[in-house]
Amino acid sequence: MRTSTVATSVARQLSDAINRGVYAPGSRLPGERLLADQLHVSRSTLRAALGDLEREGRIARSPQRGWFVPSPTVGEPPSTLQSFTEMARLRGLTATAGVLERAPRSATIDEAEKLAMPPGGEVLVLVRLRGMNSTPICVDTNIIPMTIGEPLLNADLTDRSLYEALEELCSVSVYRSAYSVQADAASAETAALLTIPSGNPVLIGREVAYDRAGTPILLGYNTYRGDAYRFEADLYRSV
């Protein structure tokens, strides 16, 4: 009984250290012998604590790496449209957002066609760095017709859900998204933002989002760390 109690206490200490960033997402924990010495417990007690944390999803075990803290992974459930903030909340994480760019410009011919607006019409380009619990996850670029997005020009969008801002400030709601995902290699600029080596795998999501009436609301280009995004879908055979 005492071993179980001590293991629970050790698991709590390690969980708190993860929350405080002592062991950052993607980092490796010290070896079991060193960690047991640091926590002044036996290796059997430490292993019981590590097992508890593994079952909770706080840490993961790799034959090559030992114990490590996994990076947050995002992804909508099959056939369900969620905002980045909603995905974070469902995982008990805090979504962050920092504005990198926000400016009006003329739409390209392709953008105007996808947004069902006149060629050369004005759009708002909004680029933000999205993260979970301070870990960079995604460079999020959105192109919104200025007729919809003008209230976002001077709004505080730091750590804010874009979907919620559109509803509250622009009186529009995203109902459906036509979404595609493609693998690519991170450019030097993107890699620096996502704190990954240049050339590392990234997943690029492209979307056209619509309101309930079928009117295009925005174009989205989302560049995710390859180790932090999972795409799921329900697929059916044609008859």
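Keep in mind that what you see is a predicted model, and the values were worked out from it rather than measured.

Undergrad: Describe the pattern of salt bridges, naming the residues involved and giving the relevant values.
TA: Counting across every chain of the model gives 7 salt bridges. Glutamate 32 serves as the salt-bridge partner of arginine 43, at 3.7 Å between the closest nitrogen and oxygen. Separated by 11 residues along the polypeptide, arginine 43 in helix α3 (residues 43–55) and glutamate 32 in helix α2 (residues 32–39) bring together distant segments of the chain. Through salt bridges that share partners, Glu32, Arg43 and Arg47 make up one connected network.

Undergrad: Give me the lowdown on the pairing of strand β8 (residues 216–225), citing residues and values where you can.
TA: Summarising burial for β8: 9 of the 10 residues are buried, a large majority. In this sheet, β8 lies alongside strand β5 (residues 135–145) in antiparallel orientation, the contact comprising 6 bridges. Among the inter-strand pairings, isoleucine 143 is bridged to a residue of β8, identified as leucine 219. As paired elements, strand β7 (residues 201–210) and β8 share 9 bridges and run antiparallel to each other. Each bridged residue has a counterpart across the sheet, and for alanine 209 the counterpart in β8 is leucine 218. Hairpin connection from β7 to β8: 5 residues lie between these consecutive antiparallel strands, with glycine 214 at a positive phi of about 90°.

Undergrad: Quick rundown of the sheet that holds β7? Include the residues and the values.
TA: Taken in spatial order, the 6 strands of this open sheet run β3-β4-β5-β8-β7-β6, and their pairing is antiparallel. Looking at the sheet topology across the chains shown, the edges are occupied by β3 (95–106) and β6 (176–185). On average, each strand axis in the sheet is tilted by 15° relative to the strand beside it, whichever way the strands run. Note that strand β4 (residues 122–132) and β5 share 10 bridges and pair antiparallel. Looking across to β5, one finds that glycine 131 is bridged to proline 136. Contacts from helix α7 (residues 162–170) reach β4, β5, β7 and β8 within the one sheet, and its direction differs from that of β8 by about 160°.

Undergrad: Tell me about the side chain of glutamate 32, residues and numbers included.
TA: A polar contact of 3.0 Å, which involves the side chain of glutamate 32, links it to the side chain of tryptophan 67. Those residues in contact with glutamate 32 that sit more than four places away from it in its chain are Arg43, Leu46, Arg47, Leu50 and Trp67.

Undergrad: So what's going on with α3? Residues and values would help.
TA: At 3.6 residues per turn, the α-helix brings residues three or four places apart onto the same side. The terminal C-alpha atoms of α3 lie 18 Å apart, and with 13 residues this matches the ideal 18 Å at 1.5 Å per residue to within 8%. All of the buried residues along α3 are Thr45, Leu46, Ala49, Leu50, Gly51 and Leu53. Two residues or fewer after α3 comes glycine 57, characterised by a positive phi angle close to 80°.

Undergrad: Lay out the environment of glutamate 86 with the relevant residues and their values.
TA: Looking at the secondary structure, you find glutamate 86 in helix α4 (residues 84–90). Residues glutamate 86 and serine 161, spaced 75 residues apart in sequence, show a C-alpha to C-alpha distance of 8.2 Å.

Undergrad: Before we move on, could you go through the side chain of glutamate 111 and cite the residues and values that matter?
TA: Along the chain, glutamate 111 turns up in helix α5 (residues 109–114). Residues contacting glutamate 111, with those up to four places away along its chain left out, are Arg105, Ser106, Ile143 and Leu219.

Undergrad: Any details on the packing of aromatic side chains? Residues and values, ideally.
TA: By the definition in use, this model includes 0 aromatic pairs. Against the face of tyrosine 210 rests arginine 176, its NZ or CZ located 4.2 Å from the ring centre.

Undergrad: A description of α7 should follow, citing residues and the corresponding values.
TA: Taken residue by residue, α7 has Leu162, Tyr163, Ala165, Leu166 and Cys170 as its buried positions. Taken end-on, α7 shows its buried residues confined to a sector of 160°, consistent with a single buried face. Two or three places before tyrosine 163, at the start of α7, stands the capping residue serine 161, its side-chain oxygen 3.4 Å from that residue's backbone nitrogen. Directly beyond the C-terminal end of α7, a positive phi value near 60° is found at serine 171.

Criteria and cut-off values
Residues numbered from 1 in each chain as written. Predicted model: local features only at pLDDT ≥ 70, side-chain atom pairs only at ≥ 80, totals over all residues. Heavy atoms only, no water. Salt bridge = Lys/Arg side-chain N within 4 Å of Asp/Glu carboxyl O. Helix = DSSP H or I, 4+ residues; strand = E, 2+ residues; numbered from the N terminus. Buried < 20%, exposed > 50% of the residue type's maximum accessible area, 1.4 Å probe, protein only. Pairing = 2+ DSSP bridges. Axes fitted to C-alpha atoms, helices over the stretch in contact; angles between N-to-C directions. Contact = heavy atoms within 4.5 Å. Polar contact = N/O pair within 3.5 Å; in protein donor to acceptor, adjacent residues only side chain to side chain. Expected span 1.5 Å × (residues − 1). Phe/Tyr/Trp six-rings, centres within 6.5 Å; stacked < 30°, edge-to-face > 60°. Lys NZ or Arg CZ within 6 Å of the ring centre and 35° of its normal. Arc of directions from axis to C-beta.

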